[in-house]
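Architecture at a glance
The chain contents come next:
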Amino acid sequence: MQEPELHDLSDDADYAASQQHGSASMMRSNSGKHSSSSEHDGAEVIYLKDNVTIHPTQFASERISGRLKLIKQGSSLFMTWIPYKGQNSNARLTERDRNLYTIRAVPLTEVRSIRRHTPALGWQYIIVVLSTGLAFPPLYFYNGGVKEFLATIKQHVFIVRSADDANVFLVNDFQNPLQRTLSSLELPRALSVASGQSTSVSVGETSSDENQERTSGDVYEGSISSSQYNERQRQRVHDPARDLSIQVLEKFSLVTKFARETTSQLFRDNHSNGYGAIERRSNNQSPIDYPQKASSDSNKVPDKSPVPPDSLEFDKVSLVWGKPRQAPLGSDEWKTFLDYEGRIMDSEALRKRIFYGGVEHELRKEVWPFLLGYHAYDSTEAEREYLRAVKKSEFETIKRQWQSISPEQAKRFTKFRERKGLIEKDVVRTDRSLSFYDGDDNPNVNLLRDILLTYSFYNFDLGYCQGMSDLLSPILFVMEDESDTFWCFVSLMERLGPNFNRDQNGMHSQLFAITKLVELLDIPLHNHFTQHDCLNYFFCFRWVLIQFKREFEFDKTMRLWEVLWAHYPSEHLHLYVCVAILKRHRSKIIGEQMDFDTLLKFINELSGHIDLDAVVRDAEALCICAGENGAACIPPGTPPSLPVDDDGLLLYPQQELDDVL
C-alpha cells in the first residue's frame, strides 16, 4: 500500500508569518520567565501561553483556564498544561476537577497528531491526539497563539501537514526508543487472531512505517485492531471473536505507564498529580451522600482491601431500584399507538413503553425505523411508502457508483481498494454463528458487504471503520430489505459516527463522561480508579464503540439497542449502563485492588455474563438519582448527540463533534 503524500509546513502562510514575528515575540514576551523554569536539570521553556482553557461542560462558569508550556529537555520535547489554582469561585468546580484535566509532561514522541480549528466565530483551539488514540480535551486559546505553538513545535520536532486534512498536523519522531519499538511492531488486525494466524504476521505486505500509520491509535479504518499478545496472554486460550480490543488496550497501559515513569523525575510542580493523588472532598457535597475513603495516601496496597459501602446499594427492600421490566410490545398494542392514517399519536408514550419492554421480534421491522429516525413519528403510512420508494432509488444510485469501478480503475484507486478489502475481511467474521449469516457464499453476508461499501461512498469522509459491520448486522437481520437497512444504518451512524472519527473526539467525550458519572455516583470506586491509574476508562472502549454488541447474546443485544434508541429517560443511557455494570462489580474491583491491566482482563471476561434486565434497571435508577448533576457531567455533543426528530429525517450530512464542543 502506498503511503499518503505528506506536505511540509513551509507551504503554510500562517507558519511563514509566525516564523518571522509570532514565535519571536512570544519568546521575547516571556523571556523573563524562562530562566526560572530552566532549573529542572537543564529543562528550558521554549513556549508559554496563558489563558488556554478547556470546557468540561456547557456551562461557562465551569471552564478551566491554565498555562500551556512546551519544555525542551535535552533532545526531547514535552508539553504541559497546568490549570490555575483558585481562578474560579464556583464551588461546584473542585480542585479534583482541575487535577483530572492536568496534562503532565507529555513527550511529543507520544503525540500522534495535532488538529487545529479556526472557527469563523469563537476561539481557536487544538486537539492533541496521542499515539494510543486517546485525545486530550480541546484546548481553547482565548488570546491566540495557535500558530506560534505549532511553529515552535516545528522547530524541534518533525511535523507535517496531513494530506487528508489540511488542519491536521502529524507528529513523527522515531528517535525515541519506545516510539521506534512500537512503530516497528507488525501489529495484526483482528483477522489474524480470529483465523488463528501467528500474531507476528501483519495484514498484507506493508512496511513498518505503514504499520505505524495503521496501528498508532486511529479509529479511522482499524484502530480497534489487536496488538501482539504479551507473554502471559500467549499461555491462555482466548475467544478471538469477542476479543476486539483487549490487546491494544493493554499496549496502551504500558505506554502510559512508561510516559509517567520517565517524566515524573524531570518535572515537578506544586500542584498534585491528577493521576496519582486523591484529594479530600469539597465541603460542598452533591445531593448523594457519598461514603469517605479511609485513606488516600497509602502507597502499599494489600492483596485484599476492605470495600467501602455503596451509598446507592442495590437494596430492593429500602429502595425501589429501577422499575420492573414488562413484556415486549406486541402487534395489537402497537396498533393502539396509530391513528387511522398510520401516524403515531404519542411518540413519548411509545418510547417509554419500548424502554420498559422492548419490541416483539416480528414487529421490529416496522418499529425500528421510527426509533432510528428513518421514519418520522408523525408521518402517515402513505408518506412512508413514498419515502421508501424515493430512498430506494437514491440507494441504487449510490450503489452503482462503486459497482461501476472497473478493475483497471481500482488499480489506481488506493482508498477504494483498501476499504473494499477491509470490509470483505470483516463481514466474513461478523455473526457467522447465526444461521442468517452462516455458510459459504451466504447472500446475507454479501448484502452486508454491499451496504457497507455503499455507505463508504455515501459518507466518503468517514468511510469504513472496523466495528461498523457489528452495528449493521442486527439491522439487516431485522429489516431484511437492502435499501431500508441502508437508510436505517445511515440514521444510526448520524448518531454514532463520531465514535469512528480519526481524532476520537466522540469516544473521548463519552469516556470522560463516564469518569464524571462514576465520580458523582460512586466516589469510592472513583478513588480506586484514581489510585490505580484507570481514569482514562479505556476499559469501557469496546462497550461504547459498538454499543455492547460483544457483551450480550444477539437477541439480547437487539433488545438493549431498542431500549437505548428509545431515548428514555436519557439519550445517553448507554453511559449509565456502563456505570451500572461497574457498580455491580465494584466489590470485586475494589476488593481485589484491580489495576489497569487486571481490570481490562476482567472486563473482557464479563462478555456473555451480564444480566441485561438488571443492568437496565440499575441504569435507569442511576440516571434518576444523578438528575441534572448527571446531565451536566456529559459534554454537549456527546454521541448519540442527535435526538429523535419528530419533524423530519436525520439524513443531513454528519457534523463533526469538535464543532460543538
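In this text, all values refer to a predicted model and were calculated from it rather than measured experimentally. (Residues numbered from 1 in each chain as written. Predicted model: local features only at pLDDT ≥ 70, side-chain atom pairs only at ≥ 80, totals over all residues. Heavy atoms only, no water.)

**Observations concerning the overall build of the protein**
Scanning the protein from terminus to terminus reveals 26 helices and 10 strands. Split into buried and exposed, the 661 residues of the protein put 57% on the buried side. The long-range share in the protein, meaning contacts at least 24 apart out of those at least 6 apart in sequence, stands at 72%. Split by element, the accessible area of the protein, about 27700 Å² in all, is 49% carbon and sulfur. (Helix = DSSP H or I, 4+ residues; strand = E, 2+ residues; numbered from the N terminus. Buried < 20%, exposed > 50% of the residue type's maximum accessible area, 1.4 Å probe, protein only. Contact = heavy atoms within 4.5 Å. Areas by Shrake-Rupley, 256 points an atom, 1.4 Å probe, with all protein chains shown as cover.)

**What to know about the pattern of salt bridges**
Applying the stated criterion across every chain yields a total of 27 salt bridges. In this structure, E562 and R364 form a salt bridge, with 3.0 Å as the shortest nitrogen-oxygen distance. Linking E562 in helix α22 (residues 554–565) with R364 in helix α12 (residues 361–372), this pair joins segments that are 198 residues apart in sequence. Comparing E562 with R364, the two get one shared label, buried. Between D522 and R586 there is a salt bridge, with its nearest N and O atoms 2.6 Å apart. Of this pair, D522 sits in the loop between α19 (505–521) and α20 (523–531) while R586 is found in helix α24 (residues 586–591), placing the two residues 64 residues apart along the sequence. In terms of burial, D522 and R586 fall into one category: buried. If you follow the salt bridges from partner to partner, you end up with K399, R449, D450 and E482 in one network. (Salt bridge = Lys/Arg side-chain N within 4 Å of Asp/Glu carboxyl O.)

**Considering the packing of aromatic side chains**
The geometry of two aromatic rings is summed up by the distance between their centres and the angle between their planes. Evaluation of the coordinates by the stated rule reveals 30 aromatic pairs. On the basis of an interplanar angle of 80° and a centroid distance of 4.9 Å, the ring pair of F355 and Y356 is categorised as edge-to-face. Here F355 falls in the buried class, since its relative accessible area comes to 0%. Owing to a relative accessible area of 5%, Y356 belongs among the buried residues under this scheme. Ring geometry for F529 versus Y537: centroids 5.2 Å apart, planes at 80°, classification edge-to-face. Comparing F529 with Y537, the two get one shared label, buried. A network of ring pairs unites the aromatic residues F395, Y455, Y458, F486, W487 and F489 as a single cluster. Taking the ring centre of F355 as reference, the NZ or CZ of R325 above it sits at 5.2 Å. (Phe/Tyr/Trp six-rings, centres within 6.5 Å; stacked < 30°, edge-to-face > 60°. Lys NZ or Arg CZ within 6 Å of the ring centre and 35° of its normal.)

**Looking at the confidence of the model for the protein**
Across the protein, pLDDT averages 74, with 66% of residues at or above 70. Overall, residues 173–302 carries pLDDT values under 50, and its contacts beyond four positions in sequence, including any with other chains, amount to 256 contacts. Below a pLDDT of 50 lies the segment residues 314–320, which in the model reaches 6 contacts outside its immediate sequence neighbourhood of four places, other chains included. (pLDDT = per-residue confidence, 0-100.)

**Digging into the nonpolar core**
Counting residues in hydrophobic clusters, the biggest one holds 150 residues, and the most contacted among them are F149, F529 and L582. Look past the residues within four positions of F529 in its chain and what remains in contact with it is V518, C534, L535, Y537, F539, L582, I589 and L599. In terms of nonpolar packing, the next biggest core, distinct from the first, is built from 5 residues, Y125, I127, V129 and Y140 among them. (Core = buried A, V, L, I, M, F, W, Y, C linked by side-chain atoms within 4.5 Å.)

**Comments concerning the packing of α12 against helix α18 (residues 482–496)**
Viewed as axis vectors pointing N to C, α12 and α18 meet at an angle of 35°, and their least axial separation amounts to 9 Å. In this structure, the crossing between α12 and α18 has a hand that is left-handed. Counting all contacts with α12, which are made through P369, L371 and L372, the residues of α18 involved are C488, S491, L492 and R495. Looking at the contact of α12 with α18, its residues break down into 5 nonpolar, 1 polar and 1 charged. (Axes fitted to C-alpha atoms, helices over the stretch in contact; angles between N-to-C directions. Left-handed = near helix turned anticlockwise from the far one by under 90°. Nonpolar A, V, L, I, M, F, W, Y, C, P; charged D, E, K, R; others polar.)

**Looking at the packing of α19 against α20**
Where α19 contacts α20, the axes come no closer than 5 Å and their chain directions differ by 130°. With respect to α20, the axis of α19 lies oblique. From α19, T515, V518, E519 and L521 reach across to α20, where they touch I523, L525, H526 and F529. When its residues are assigned to classes, the contact of α19 with α20 shows 5 nonpolar, 2 polar and 1 charged. (Parallel < 35°, antiparallel > 145°, perpendicular 65-115°, else oblique.)

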